[in-house]
Amino acid sequence: MSVVGFDFGNENCLVAVARQRGIDVVLNDESNRETPAIVCFGDKQRFIGTAGAASTMMNPKNSISQIKRLIGRQFSDPELQRDIKSLPFSVTEGPDGYPLIHANYLGEVRAFTPTQVMGMMLSNLKGIAEKNLNAAVVDCCIGIPVYFTDLQRRAVLDAATIAGLHPLHLIHETTATALAYGIYKTDLPENEPLNVAFIDIGHASMQVCIAGFKKGQLKVLSHGFDRSLGGRDFDEALFHHFATKFKDEYKIDVSQNAKASLRLRAACEKLKKVLSANPVAPLNIECLMDEKDVRGVIKREEFEEISIPILERVKRPLEKALSDAGLTVEDVHMVEVVGSGSRVPAMIKILTEFFGKEPRRTMNASECVSRGCALQCAILSPTFKVREFQVHESFPFSISLAWKGAASDAQNGGAENQQSTIVFPKGNPIPSVKALTFYRSGTFSVDVQYSDVKDLQAPPKISTYTIGPFQSSKGERAKLKVKVRLNLHGIVSVESATLLEEEEVEVPVSKEQLEETSKMETASSETAPASGDSDVNMQDAKEAIDAAGTDNGAPESTDKPVHMETDSKAEAPKKKVKKTNVPLSEVVYGALKSVEVEKAVEKEFEMALQDRVMEETKDRKNAVESYVYDMRNKLSDKYQEYITDVEREAFLAKLQEVEDWLYEDGEDETKGVYVAKLEELKKVGDPVEVRYKESLERGSVIDQLGYCI
Ligand code: ATP
Ligand code: K
Ligand code: MG
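To start, this report covers the structure provided alongside it.

The next subject is the overall build of the protein chain. Counting its secondary structure elements, the protein chain contains 18 helices and 30 strands. Going through the 709 residues of the protein chain one by one, you find that 52% of them count as buried. When contacts within the protein chain are restricted to residue pairs at least 6 apart in sequence, long-range pairs at least 24 apart make up 70% of them. Approximately 33400 Å² of the protein chain is accessible, and the part contributed by carbon and sulfur atoms is 51%.

Dropping the structure here:
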């Protein structure tokens, strides 16, 4: 079983693996730890990661970046609309209302879903892990932003499937960081927790997590985030600054030119990094547009001035995290800053001001997420022994179940009868299972939805489940237990529905006992959900958590359910409850259907094959080329004596001919042609090589003999 953690960033991805001696962030083919999240589509193949980044400038319209911003969002999403304005590639609305990315690939324009593109990227990262581990990688943990919606989480799982990965846990990035922070600490307090605020400022977003650490455990107390506040906002501010300036000074409008925009943006990102370490930074771009070279310079103060609108937004997520944790800044013992976007000095100034203490950088700011993911994977893996450390994760949103009241079963069915109850309130532990009891006479449906979409950029409705058909033996309203699961990935689904029927009692029940039971039923009706509906009760389904065995040390939910049904009457010795599984059908809005995922897996396989064929073709072509050079050298050197002059001249001519061919007709041939060409040359060269080798061996035998004598 592989133990791998992936940090899939907006800009940079990192791969960490667990080895016997610890966690290592591994290098990609170009010997970098960070792999750009870019997929570039070419005429013959794709270029992914570092190769993709290298192709971006040459081929901006077909280089897909910002993948993490695009997945699991509706096309109409205002954030997505804002994002795609500055993207150099084309994104349109698909028939289902979700975005489609267009790129020229293999000579024609093709459309890809963001999930597919993320799959391509993950497949590249998987390859990096496999090369380093020298083994197949399937099981893994992938970091996700805490603000990812249900749909985005599902999209990441689908992308992983496309890449042939099986995530054991999609873990919140900040929680991964907190884990990587806490697990090595040997001085954590026994009683009063040490409260640490983790702030991750990435390329496109900012996340905050306040966690309480005790010996052997961490508890996530709260989350805060701004989905659209990150390093790229500084790039954008600089971009506008210089674009306006250049309009005046050079009479060029870079916004009208995709390549010029891309180059200026890239230069601004560089400039920003220079400003993190220097008080002034220059900007020079040759031939930016209309054959004009541009120059500019900016001081850090000026940069900070134009960044004020960005910096002003930093406090809000901090305040929210504090208030959700029920803490004041004095209660926060330590502030740890991670994410490369935090290298902007003004960011640190604001954090210092807010917390009244200097934020620390004890963690590796770019690697901690991937390390935490690998640690979590190691914890879940039976093959690794990891120090006992429990992570109590908390869910950032409130999730409700909504349904039409029972009264509408036959008659009105009006919207006014819509009922809902919060099943997993914000801060609910992950994972968790709750059971709701419904009293129904026929097939019915329930919606899973966000209780509050204020903090979200998502439609409220997540999914709809149709429960039934079922038949109650008494022909009356049947009692159904519906289990809802918030799984380890933070995805909610209705897991099962069970028909509960009380069967004939064997021991006669006394009158008092019967009355007792009916009284309890009345009581439960009266204290039913705040919505006033009386046909549903809810309880924590602890047994389900236990049975699934995926508890991961999360505590049993401590929140008060809307109505706690004791179930004691059902388990009373006088009655036996017959349980029957009721069929469920699920519609998740916007999610790929399993056939679509399967199709995407097949497509990915084909594209990967094409890439491999192209890589091998290049490889075989290189082999022909190096044979030509190598043989030519040897023919005038050590092979000279093992070939006649006539033969040598003919062979040299042949080599020259092949070299010319490589740059002309043979520039763009298939793998088979290059293989055949090499064979053709070897037919002439091999005998020479054999004669040379034989003579060497003879020579060495003589030498040895000579030495012995
Ligand atoms: P996200 O977390 O949003 O998914 P990510 O993990 O890819 O994105 P990081 O790699 O943490 O993001 O940060 C990338 C950002 O950090 C980029 O905007 C980059 O320009 C910025 N950055 C990197 N180095 C510096 C620096 N020295 N000074 C300022 N900003 C920097
Ligand atoms: K990253
Ligand atoms: Mg990140």
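Picking up after the structure, the text goes on.
Next up on the list: the pattern of salt bridges. A complete count under the given rule lists 38 salt bridges for this structure. Of the charged contacts, one joins Arg73 and Asp77 as a salt bridge, the two residues approaching to 3.0 Å between their closest N and O atoms. Its relative accessible area of 4% is what places Arg73 among the buried residues. Residue classification places Asp77 among the buried residues on the basis of a relative accessible area of 6%. In this structure, the salt-bridge partner of Arg313 is Asp226, at a minimum N-O distance of 3.3 Å. Residue Arg313 is found in the loop between helix H10 (308-311) and helix H11 (315-325), and its partner Asp226 is found in strand S15 (residues 217-226); the two are separated by 87 residues along the sequence. Judged by its relative accessible area of 33%, Arg313 is partly exposed. A single network of salt bridges, built from pairs that share partners, joins Arg73, Asp77, Glu79 and Arg227.

A few words now on the site of ligand 1. In the vicinity of ligand 1 lie 20 residues, with Lys68, His203, Glu269, Lys272 and Ser276 positioned nearest. Glu269 is positioned such that a nitrogen or oxygen atom in its side chain is 2.5 Å from an oxygen atom of ligand 1. Within the side chain of Lys272, an N or O atom sits 2.6 Å from an oxygen atom of ligand 1. Within the residue set of the shell around ligand 1, elements represented by two or more residues are helix H7 (231-250) and helix H8 (258-277). A total of four residues in the shell around ligand 1 trace back to one element, the largest contributor, which is H8. Of the residues in the shell around ligand 1, the class split is two nonpolar, 11 polar and seven charged. Residues from two domains meet in the shell around ligand 1; each of domain 1 (4-229 + 313-392) and domain 2 (231-311) gives at least three.

Here the focus is a nonpolar patch on the surface. A cluster of nonpolar residues, Phe605, Leu609 and Val613, forms a patch on the protein surface that exposes about 280 Å² of accessible area. Among the structural elements, Phe605 can be located in helix H16 (residues 594-635).

The subject of this paragraph is the coordination of the potassium ion (ligand 2). Taken together, Asp7 (OD) and Asn12 (O) make up the protein donors of the potassium ion (ligand 2), found 2.8 to 3.1 Å from the metal. Residue classification places Asn12 among the partly exposed residues on the basis of a relative accessible area of 23%.

With omega at -5°, the peptide bond leading from Ile430 into Pro431 counts as cis. Looking at the element boundaries, Pro431 is found in the loop between strand S22 (429-430) and strand S23 (432-440). Even without a glycine there, the phi angle at Glu291 is positive, about 60°. Its relative accessible area of 72% is what places Glu291 among the exposed residues.

With that settled, consider helix H5 (residues 150-162). For H5, which comprises 13 residues, the first-to-last C-alpha distance of 19 Å matches the rise-based estimate of 18 Å (1.5 Å per residue) to within 8%. Of all 13 residues in H5, 12 are buried, a share of seventy percent or more. Of the positions making up H5, those classed as buried are Asp150, Leu151, Gln152, Arg153, Arg154, Ala155, Val156, Leu157, Asp158, Ala159, Ala160 and Ile162. Looking at the residues trailing H5, positive phi occurs at Gly164, about 80°.

Turning next to the sheet that holds strand S25 (residues 461-467). Reading across the sheet, the five strands line up as S21-S20-S24-S25-S30 and stay open at both edges, with antiparallel pairing between neighbours. Two strands in the sheet have a free side with no partner beyond their single neighbour: strand S21 (418-424) and strand S30 (584-588). Each neighbouring strand pair of the sheet contributes to a mean axis angle of 25°, computed without reference to strand direction. Bridge analysis of strand S24 (residues 444-450) against S25 gives six bridges, and the strand direction is antiparallel. Each bridged residue has a counterpart across the sheet, and for Val448 the counterpart in S25 is Ser463.

As a further point, take the sheet that holds strand S9 (residues 99-105). Judged by pairing direction, the sheet is antiparallel, and its three strands sit side by side in the order S8-S9-S10 without closing on themselves. Sheet topology places strand S8 (90-93) and strand S10 (108-112) at the edges, where each strand pairs with a single neighbour. On average, each strand axis in the sheet is tilted by 35° relative to the strand beside it, whichever way the strands run. Pairing of S9 with S10 involves five bridges; the strand directions are antiparallel. By the bridge assignment, Ala103 is partnered in S10 with Arg110.

All right, on to the packing of H7 against H8 then. For any two helices packed against each other, one specifies the inter-axial angle together with the distance between the axes. One can describe the packing of H7 onto H8 by two numbers: an axis separation of 8 Å at closest approach and a directional angle of 120°. In terms of orientation, H7 lies oblique with respect to H8. When you trace H7 past H8, the crossing you get is right-handed. Side by side, H7 and H8 meet where Gly231, Arg232, Phe234, Asp235, Glu236, Leu238, Phe239, Phe242, Ala243 and Phe246 of the first sit next to Ser261, Leu264, Arg265, Cys268, Glu269, Leu271 and Lys272 of the second.

With that out of the way, let us pick up the nonpolar core. By size, the foremost hydrophobic cluster in this structure holds 82 residues, and its most contacted members are Ile67, Leu122, Leu125, Leu401 and Val446. Here this core takes eight residues from helix H4 (residues 114-133), the largest share from any one element. Two domains each donate at least three residues to this core, and these are domain 1 (4-229 + 313-392) and domain 3 (400-591). In contact with Leu401, not counting residues within four places along its chain, are Gln419, Ser420, Thr421, Val423, Leu436, Phe438, Val446, Asp447, Val448 and Val484. Ranked by size, the runner-up nonpolar core spans 51 residues in total, among them Leu229, Leu264, Ala325 and Ala346.

Next up on the list: the packing of H5 against H16. Across the interface, H5 lies against H16 with an axial gap of 8 Å and an inter-helix angle of 40°. Our classification of the angle between H5 and H16 gives oblique. The way H5 lies across H16 gives a crossing that is right-handed. Facing H5, whose interface residues are Asp158, Thr161 and Ile162, H16 presents Val597, Ala600, Val601 and Glu604. Of the residues belonging to the contact of H5 with H16, the class tally is four nonpolar, one polar and two charged.

Owing to a relative accessible area of 16%, Asp226 belongs among the buried residues under this scheme. A polar contact of 2.9 Å, which involves the side chain of Asp226, links it to the backbone nitrogen of Ser228. Engagement of the side chain of Asp226 in a polar contact is seen with the side chain of Arg313, the distance being 3.3 Å. The residues touching Asp226, leaving out its near neighbours within four places in the chain, are Ser205, Met206, Arg313 and Pro317.

Further remarks concern the pairing of strand S19 (residues 390-394). Buried residues dominate S19, accounting for four of its five residues. Pairing of S15 with S19, which is carried by three bridges, proceeds in the parallel orientation. Across the sheet, Gln217 pairs through a bridge with Gln390, a residue of S19.

Here we take up helix H12 (residues 345-355). Of the residues making up H12, those classed as buried are Ala346, Met347, Ile348, Ile350, Leu351, Phe354 and Phe355. Structurally, H12 contributes buried residues whose contacts are with strand S13 (194-201), H7, helix H9 (300-306), H10, H11 and strand S18 (334-338). Gly356 occupies a position one or two residues after H12 and carries a positive phi of about 70°.

Rules of the game
Residues numbered from 1 in each chain as written. Chains lettered and ligands numbered in written order. Predicted model: local features only at pLDDT ≥ 70, side-chain atom pairs only at ≥ 80, totals over all residues. Heavy atoms only, no water. Helix = DSSP H or I, 4+ residues; strand = E, 2+ residues; numbered from the N terminus. Buried < 20%, exposed > 50% of the residue type's maximum accessible area, 1.4 Å probe, protein only. Contact = heavy atoms within 4.5 Å. Areas by Shrake-Rupley, 256 points an atom, 1.4 Å probe, with all protein chains shown as cover. Salt bridge = Lys/Arg side-chain N within 4 Å of Asp/Glu carboxyl O. Near = heavy atom within 4 Å. Polar contact = N/O pair within 3.5 Å; in protein donor to acceptor, adjacent residues only side chain to side chain. Nonpolar A, V, L, I, M, F, W, Y, C, P; charged D, E, K, R; others polar. Domains from an automatic or database assignment. Patch = residues over 30% accessible without salt bridge, like charges linked within 9 Å, V, L, I, M, F, W, Y side chains within 5 Å. Donors = N, O, S within 2.8 Å, 3.2 Å for Na, K, Ca; no water. Expected span 1.5 Å × (residues − 1). Pairing = 2+ DSSP bridges. Axes fitted to C-alpha atoms, helices over the stretch in contact; angles between N-to-C directions. Parallel < 35°, antiparallel > 145°, perpendicular 65-115°, else oblique. Left-handed = near helix turned anticlockwise from the far one by under 90°. Core = buried A, V, L, I, M, F, W, Y, C linked by side-chain atoms within 4.5 Å.

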